[in-house]
Amino acid sequence: MHAVVWHEIGDIRLEEVSEPQIKRPTDAIVRLTSSAICGTDLHFIRGTVSDMVEGTILGHEGVGVVEKVGSNVRNFKEGDRVVIPSTIACGYCSYCRAGYYTQCDNANPNGKDAGTAYYGGPKDSGPFNGLQCEKALIPFASVGMVKVPDEVNDSKAIMLSDIFPTGYFGADMARIKPGHTVAIFGCGPVGQFAIASAKLMDAGRIFAIDAIDSRLEMAKNQGAEVIDFAEEDPVQTLRELTGEIGPDCIIDAVGVDASTSEKESRGKEGEKFKKEVEEIAPKANPHNSNWHPGNAPSQALEWAIKAIAKAGTLSIIGVYPPTMQYFPIGQAMNKNLRINGGNCNHRKYIPILLEKAKSGEIDPEKILTNEVNLASAIDAYKSFDKREEGWIKVMLTPG
Ligand SMILES: NC(=O)c1ccc[n+]([C@@H]2O[C@H](COP(=O)([O-])OP(=O)(O)OC[C@H]3O[C@@H](n4cnc5c(N)ncnc54)[C@H](O)[C@@H]3O)[C@@H](O)[C@H]2O)c1
Ligand SMILES: [Zn+2]
Ligand SMILES: [Zn+2]
């Protein structure tokens, strides 16, 4: 079958690989009808999240049809249409039962303190082969798949594998209450769903910060008040537009590949960011205009801490590697902030969001901008990596 395979930083390929087989009674095999490319995949190719294993199939978003189930998968049968939560969890440990699926004690073969288990990630996350392929092995399949109702087509369902739940998790951790003023750094696909989720939670005002026109435009179409950080200082503008108080809640939907404005990339601040990049991504391997690490890893967090209201809540869903050490803890402490973060507990939110998609309360397909055959995945990756105008969320269809 065809799959997108990680070879080294700056080198991914579409290749012929062997089909997966059931190994344990709790496994299932799913024939994928859709996958997608996520900002997280870019960190692995830019080298800002390291320790990928050569030969790992990339991708952690998938919708498909169950082809085979192991003898201990009692709630699915061949032919069921399912969405696959990006993170892998056993479903029976105390963490899973409490909804902390990403802190599962059993799913990660590296042990219970190794971190979140997920598809298509680095050594520490499994590694598990990913979902940008034709068929995938689903471990702990009785909780590792969720049935998709007929009313929800693939273009909607694929958004529920990772990015809609993540945006919703971000809004949930930001403790948005009706009327709150919220700011979201990053208007990539995850940021767009953070905006949509803040709306579902009845935020009073929503600000969205990025520097890419088509992404800011999509945010504006969702009703957000947008700020282009290439044109203006986002901290100053956020404070000015909120009576010098700042937003009650801020969501970081940027992560380690954050970039900064021309102005900040010069001088002392620029030197500091340069050091951060050298430390975080020493093996970066850019080719022409692709696979460049962001030039200011801690920029979104710094702006967020400066802009947020005193006693506000910061929610971090942008991904940072465990080795990332840069965070303005002194300012955060002195402002009495509450800080939440983490990988999304996808399995907790997917059933709730499927209902919203089914009822039409929200149309997740609105964030999808590109549909590409798996055969053209590498070119699609390049366009998404360059953040070409209009390339916001890319769905991949095998076959
Ligand atoms: N926590 C989770 O479970 C989870 C799940 C999915 C994705 N993620 C992470 O969420 C982040 C976003 O994912 P995505 O798919 O939307 O990626 P993306 O790369 O498409 O989006 C990031 C956006 O941030 C913007 N940006 C860069 N620097 C900025 C800054 N200083 N201020 C404001 N905006 C800035 C970029 O222009 C871009 O539009 C990534 O780090 C990804 O790994 C986390
Ligand atoms: Zn993702
Ligand atoms: Zn568990």
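Structure's up top.
In short, a report on the structure.

Cut-offs applied
Residues numbered from 1 in each chain as written. Chains lettered and ligands numbered in written order. Predicted model: local features only at pLDDT ≥ 70, side-chain atom pairs only at ≥ 80, totals over all residues. Heavy atoms only, no water. Donors = N, O, S within 2.8 Å, 3.2 Å for Na, K, Ca; no water. Helix = DSSP H or I, 4+ residues; strand = E, 2+ residues; numbered from the N terminus. Buried < 20%, exposed > 50% of the residue type's maximum accessible area, 1.4 Å probe, protein only. Patch = residues over 30% accessible without salt bridge, like charges linked within 9 Å, V, L, I, M, F, W, Y side chains within 5 Å. Areas by Shrake-Rupley, 256 points an atom, 1.4 Å probe, with all protein chains shown as cover. Salt bridge = Lys/Arg side-chain N within 4 Å of Asp/Glu carboxyl O. Lys, Arg positive; Asp, Glu negative; His and termini not counted. Charge placed at Lys NZ, Arg CZ, Asp CG, Glu CD. Pairing = 2+ DSSP bridges. Axes fitted to C-alpha atoms, helices over the stretch in contact; angles between N-to-C directions. Parallel < 35°, antiparallel > 145°, perpendicular 65-115°, else oblique. Left-handed = near helix turned anticlockwise from the far one by under 90°. Contact = heavy atoms within 4.5 Å. Nonpolar A, V, L, I, M, F, W, Y, C, P; charged D, E, K, R; others polar.

## Quick look at the coordination of the zinc ion (ligand 3)
Then, number 1: Within the protein, the atoms that donate to the zinc ion (ligand 3) are C90 (SG), C93 (SG), C96 (SG) and C104 (SG), at distances of 2.3 to 2.4 Å.
Then, number 2: In primary sequence terms, the donor set of the zinc ion (ligand 3) follows C-x2-C-x2-C-x7-C. Pair noted here: C93 is in the loop between β6 (87-88) and α2 (94-97) and C104 is in the loop between α2 and β7 (117-118), with a separation of 11 residues, a long-range link.
Then, number 3: With relative accessibility at 7%, the residue C93 sits in the buried group.
Then, number 4: Note on C104: relative accessible area 4%, which makes it buried.

## Observations concerning a negative patch on the surface
Then, number 1: A cluster of acidic side chains, namely D213, E217, E231, E232, E240, E244 and E389, defines a negative patch on the protein surface.
Then, number 2: If you trace the backbone, D213 turns up in helix α7 (residues 213-221).

## Thoughts on the pairing of strand β13 (residues 249-252)
Then, number 1: Of the two faces of β13, the one holding C249 and I251 and the one holding I250 and D252 are both buried throughout.
Then, number 2: As paired elements, strand β10 (residues 181-185) and β13 share four bridges and run parallel to each other. Within the sheet, the bridge partner assigned to A183 lies in β13 and is I250.
Then, number 3: Relative to strand β14 (residues 313-316), β13 runs parallel, the two being bridged by four bridges. What sits directly across from D252, in β14, is I316.

## Remarks on the packing of helix α6 (residues 189-200) against α7
Then, number 1: Interaxial distance between α6 and α7 falls to 10 Å at its minimum, and their mutual angle equals 15°. Taken together, the axes of α6 and α7 are roughly parallel relative to one another. Handedness of the crossing formed by α6 with α7: right-handed. Note on element contacts: α7 touches α6 through R215, M218 and A219, opposite P189, Q192 and I195.
Then, number 2: Here the contact of α6 with α7 is composed, by residue class, of four nonpolar, one polar and one charged.

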